[in-house]
Amino acid sequence: SYTLAKLSDTDTNAIRTLFDEYRRHMPHRLQRDIDYVNIIFLMPSADTGFPHTRPDQLICFPQQATLPSLETFLHEMWHIHQRKYPALWRRLYKTVWQFRPASADQIPAELRKYMRINPDTMVDGPYCWRDTWIPLPIFQSPTQPRLGECSIWFYNVNTHVWRKTAPADWVAYFGNTLPPTAHEHPNELSAYMLST
């Protein structure tokens, strides 16, 4: 159910107090560049309980027994920054990491139809790294796709081979300390790196 959660006044006050505290720990860049953000709490089943962002500057958190961590709050704030300054992030991805947007026709149709859509990465779509690898979030079950059950596959645009694990050159460059889902897109890589 992608609907708003009903919060009590006590819950709302606790959330405001927590987020006011989190704002004090925000990097200066976020404080300077983001003039406002709207935060809503959704039913726990919305997007399988994954926090995410939406246009314009909206963060969606699932209603849970525990409130979002500072790390999760900062991660979503970086996604807001990515939404607000897309040209800056595209330039960074190109010049620092050698990512460029991938076109849909570069990805085989049999992979495209099993790709999960992520609200935090869907504006630009998939990216290709070093003109070779496109990371793709693929549902683990083609017949019963579930948002929380995806793997990151890597498609090689030169050899037309796909693999279910990160290639050696990818691991050598980005490491293997981030969660697997961090590797689906430069938006996720950067948000994870900047919020930990």
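All values reported here derive from a predicted model rather than from experimental measurement.

Draft legend 1. Representation of a nonpolar patch on the surface. Residues Leu 92, Val 96 and Tyr 173 make up a contiguous nonpolar surface patch of about 240 Å² in total accessible area. Examined against the element boundaries, Leu 92 turns out to sit in helix 4 (residues 86–97).

Draft legend 2. Region of the structure containing the packing of helix 3 (residues 70–84) against helix 4. Contact geometry for helix 3 and helix 4: axes closest at 5 Å, N-to-C directions at 100°. With respect to helix 4, the axis of helix 3 lies roughly perpendicular. Contact residues: Trp 78, His 81, Gln 82, Arg 83 and Lys 84 in helix 3; Pro 86, Leu 88, Trp 89 and Tyr 93 in helix 4.

Draft legend 3. Structural view of the state of the cysteines. As enumerated under the stated definition, the model contains 0 disulfides in all. No disulfide involves Cys 60; its sulfur sits 19 Å from that of Cys 150, the nearest cysteine.

Draft legend 4. Structural detail: the environment of Phe 73. Its place among the elements puts Phe 73 in helix 3. Spatially, the C-alpha atoms of Phe 73 and Ser 151 are 24 Å apart, while their sequence positions differ by 78 residues. With residues up to four places along the chain from it excluded, the contact list for Phe 73 reads Phe 19, Tyr 22, Arg 23, Met 26, Ile 39 and Phe 61.

Draft legend 5. View of the packing of aromatic side chains. Inspection of the entire model under this criterion finds 22 aromatic pairs. Centroid distance Tyr 93 to Tyr 127: 5.7 Å. Interplanar angle 85°. Geometry classified as edge-to-face. With Tyr 93 in helix 4 and Tyr 127 in strand 5 (residues 127–129), this residue pair connects regions lying 34 residues apart in the sequence. Accessibility assignment for this pair places Tyr 93 and Tyr 127 in one class, buried. Grouping aromatic residues by their ring pairs yields a cluster made of Trp 78, Trp 89, Tyr 93, Trp 97, Phe 99, Tyr 127, Trp 129, Phe 154, Trp 170, Tyr 173 and Phe 174. Over the ring of Tyr 173 we find Arg 130; its NZ or CZ atom is 4.7 Å from the centre of that ring.

Draft legend 6. Molecular detail of the pairing of strand 7 (residues 150–156). For strand 7, the tally of buried residues reaches 6 of 7 residues, placing the bulk of the element in the interior. Bridge count between strand 7 and strand 8 (residues 162–163): 2 bridges; the pairing is antiparallel. Its bridge partner being in strand 8, Phe 154 is matched across the sheet by Arg 163. The antiparallel pairing of strand 7 with strand 8 creates a hairpin that spans 5 residues between the two strands, and His 160 there sits at a positive phi of about 65°.

Draft legend 7. View of the pattern of salt bridges. In this structure the tally under the stated criterion is 9 salt bridges. The salt bridge partner of Asp 20 is Arg 23, with a shortest N-O separation of 3.6 Å. Of the two residues, Asp 20 and Arg 23 both sit in helix 1 (residues 9–23), 3 residues apart, roughly one turn of that helix. Here Arg 24 makes a salt bridge to Glu 21, at a shortest N to O gap of 3.2 Å. By relative accessible area, Arg 24 is classed as exposed at 62%.

What counts, and where the lines are drawn
Residue positions are given per chain, counted from 1 along the sequence in the order it is written. Given that this is a predicted model, residues contribute local features only at a pLDDT of at least 70 and side-chain atom pairs are listed and counted only at 80 or more, while totals for whole chains, interfaces and linings are drawn from all residues. Excluding hydrogens and water, the side-chain values take into account all heavy atoms of the structure. A patch is a set of surface residues, each over 30% in relative accessible area and not in a salt bridge, joined within 9 Å for like charges and within 5 Å for the nonpolar side chains Val, Leu, Ile, Met, Phe, Trp and Tyr. The accessible surface values rely on the Shrake-Rupley method and a 1.4 Å probe; as for residues, cover is taken only from the protein chains in view. Only one rule defines a salt bridge in this text: a Lys or Arg side-chain nitrogen within 4 Å of an Asp or Glu carboxyl oxygen. Segments assigned H or I by DSSP are reported as helices when at least four residues long, segments assigned E as strands when at least two residues long, and all are numbered from the N terminus. Fitted lines through C-alpha atoms give the axes, limited to the stretch in contact for helices. The angle between two N-to-C directions lies from 0 to 180 degrees. Orientation categories follow fixed angle ranges, with anything under 35 degrees roughly parallel, anything over 145 roughly antiparallel, 65 to 115 roughly perpendicular, and all other angles oblique. Every residue pair with non-hydrogen atoms within 4.5 Å of one another is taken to be in contact. In this description, a disulfide is simply a cysteine sulfur pair whose atoms lie within 2.5 Å. For Phe, Tyr and Trp, rings pair up if their centres lie within 6.5 Å, where Trp contributes its six-membered ring, and each pair is then called stacked (planes under 30 degrees apart), edge-to-face (over 60) or tilted (otherwise). In this scheme, a residue with accessible area under 20% of its type's maximum is buried, one over 50% is exposed, and one in between is partly exposed, where area comes from a 1.4 Å probe on protein chains only. In our convention, an over-ring charge means Lys NZ or Arg CZ found within 6 Å of a ring centre and within 35 degrees of that ring's normal. Note on pairing: two strands pair once DSSP finds at least 2 bridges between them.

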